[in-house]
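Structure at a glance
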Amino acid sequence: MPVEHPTNRVLAALAHVDQRGWSPHLERVALRPGHTLLAPNTPIEFVYFPEDALVGLMHANGLGAPVPSALVGHDGVVGVSMLLGAPAEHLCAEVLHPGNAWRLAAEALNLGPALDAGQLRVVLRYLQALNAQIAQTALCQLQHPLHQRLGRWLQDAFDRVPGGELRMEPARLATWLGAEPEAVTRATAQWVAEGALAQHGGGITLLDRRLLDRRSCGCHQRVKQQTDLLFPAPG
């Protein structure tokens with residue numbers, strides 16, 4: 001079905017340029033937590049443009065457990081390689097926070113015309129923003145204590161999820177922060193004690209964004225500035 005006013009930044013940018021070839025094949029779907037959207041080295045069946053869902057990307061390095069790499073929400077695309085003609089990725093993608101997304105079947109994409117120059121520029125701009133996020137996440141993991149890394153991760157998440165509610169168990173964050181669950185629980189409790197967050201069964205509520213920004217490391221802001229420059233929010 002055609003999308004007239006997409007809230008996903010990349011989809012909005014593609015629509016602004018030209019997506020006549022495949023826009024009628026887009027369908028709106030609900031994404032549930034824990035659902036795997038991509039598996040490493042497996043043919044991509046669908047490309048997803050999240051609206052209010054949050055998806056985590058993990059890199060499969062072949063040396064053990066996948067390494068958390070980036071978050072995708074209304075700022076991006078899951079399965080972006082398919083837009084460039086690559087049938088698979090070395091990433092796995094898992095839904096972390098429930099919500100909706102626009103989904104495009106790879107089959108429909110392959111049947112349509114190739115990306116024109118304008119669309120290709122949009123995709124390459126997104127890849128630049130995604131690579132910046134992946135690189136900054138790796139640096140943050142090496143340089144900053146868990147309390148600040150958690151603050152940065154939550155900043156990234158709340159930027160991509162409308163409102164101030166993240167339906168995700170704090171213990172589930174451990175995988176995405178490369179830390180023990182008990183340590184993440186303590187770090188979350190510290191943010192709650194400082195007044196930045198509220199914690200409840202099955203979720204985290206953002207209370208004071210300025211406090212979260214001020215007491216986290218500066219990693220988030222570096223990536224956000226570049227993302228906002230590449231993809232302004234749809235007006």
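For the structure itself, consult the block above.
If you're wondering where the values come from, they're calculated on a predicted model, not measured in any experiment.

Rules used throughout
- Residues numbered from 1 in each chain as written.
- Predicted model: local features only at pLDDT ≥ 70, side-chain atom pairs only at ≥ 80, totals over all residues.
- Heavy atoms only, no water.
- Buried < 20%, exposed > 50% of the residue type's maximum accessible area, 1.4 Å probe, protein only.
- Helix = DSSP H or I, 4+ residues; strand = E, 2+ residues; numbered from the N terminus.
- Pairing = 2+ DSSP bridges.
- Core = buried A, V, L, I, M, F, W, Y, C linked by side-chain atoms within 4.5 Å.
- Contact = heavy atoms within 4.5 Å.
- 1 Å grid on protein atoms, 1.4 Å probe; cavity = no way out; pocket = protein on both sides within 12 Å on 5 of 7 lines; lining within 4 Å.
- Points joined across faces, edges and corners; volume = space filled by probe spheres on them.
- Nonpolar A, V, L, I, M, F, W, Y, C, P; charged D, E, K, R; others polar.
- Axes fitted to C-alpha atoms, helices over the stretch in contact; angles between N-to-C directions.
- Phe/Tyr/Trp six-rings, centres within 6.5 Å; stacked < 30°, edge-to-face > 60°.
- Lys NZ or Arg CZ within 6 Å of the ring centre and 35° of its normal.

Burial of the side chains of strand β10 (residues 203–206) extends over both faces: Gly203 and Thr205 are buried on one face and Ile204 and Leu206 on the other. As defined by bridge partners, strand β9 (residues 197–200) adjoins β10 across 4 bridges and the pair is classed as antiparallel. Residue pairing for β10: Gln199 is matched across the bridge by Ile204. Adjacent in sequence and paired antiparallel, β9 and β10 are bridged by 2 residues, among which Gly202 carries a positive phi angle near 85°.

Ranked by internal contacts, the top residues of the largest apolar core, which has 38 residues, are Leu31 and Phe49. Setting aside chain neighbours within four positions, we find Leu31 in contact with Leu37, Tyr48, Ala53, Val55, Val95, Pro98, Gly99 and Ala101. Cys92, Trp191, Ile204 and Leu211 belong to the second largest nonpolar core, which has 29 residues in total.

In this structure the tally under the stated criterion is 2 cavities of 30 Å³ or more. Roughly 80 Å³ of internal volume is contained in the largest cavity. Lining the largest cavity we find Leu57, Pro68, Ser69, Ala70, Leu71, Gln133, Thr137, Arg152, Trp153, Asp156 and Trp176. Listed by contribution, the elements that provide at least two residues to the lining of the largest cavity are β5 (67–72), α3 (117–143) and α4 (146–160). If one sorts the elements of the lining of the largest cavity by residue count, β5 sits on top with 4 residues. Split into classes, the residues belonging to the lining of the largest cavity amount to 6 nonpolar, 3 polar and 2 charged. Taken as a whole, the second largest cavity encloses approximately 50 Å³ of empty space.

Further remarks concern the sheet that holds β5. Read from one edge to the other, the open sheet built from 4 strands follows the order β2-β6-β4-β5, with strand pairing classed as antiparallel. Edge strands, defined here as strands with exactly one partner in the open sheet, are β2 (36–38) and β5. Here the strands of the sheet are splayed against their neighbours by 30° on average, with no regard to which way each runs. Sheet topology places β2 next to strand β6 (residues 91–97); 2 bridges connect them, and they run antiparallel. If you follow Leu38 over to β6, its bridge partner there is Ala93. This element, α4, spans β4 (54–59), β5 and β6 of the sheet and lies at about 35° to β5.

A word on the sheet that holds β10. An order of β8-β10-β9 is seen for the 3 strands of this open sheet, with the pairing classed as antiparallel. Strands at the two margins of the open sheet, each flanked by one partner only, are β8 (165–166) and β9. Taken strand by strand, helix α6 (residues 181–194) contacts β9 and β10, and its axis lies near 125° from that of β9.

Let us now look at the packing of aromatic side chains. Tallied over the full model, the rule gives 1 aromatic pair. Sitting over the ring of Phe46, Arg103 keeps its end group 3.9 Å from the ring centre.

Looking now at the side chain of Asp156. Mapping Asp156 onto the fold places it in helix α4. Apart from the residues within four sequence positions on either side, Asp156 is in contact with Leu71 and His220.

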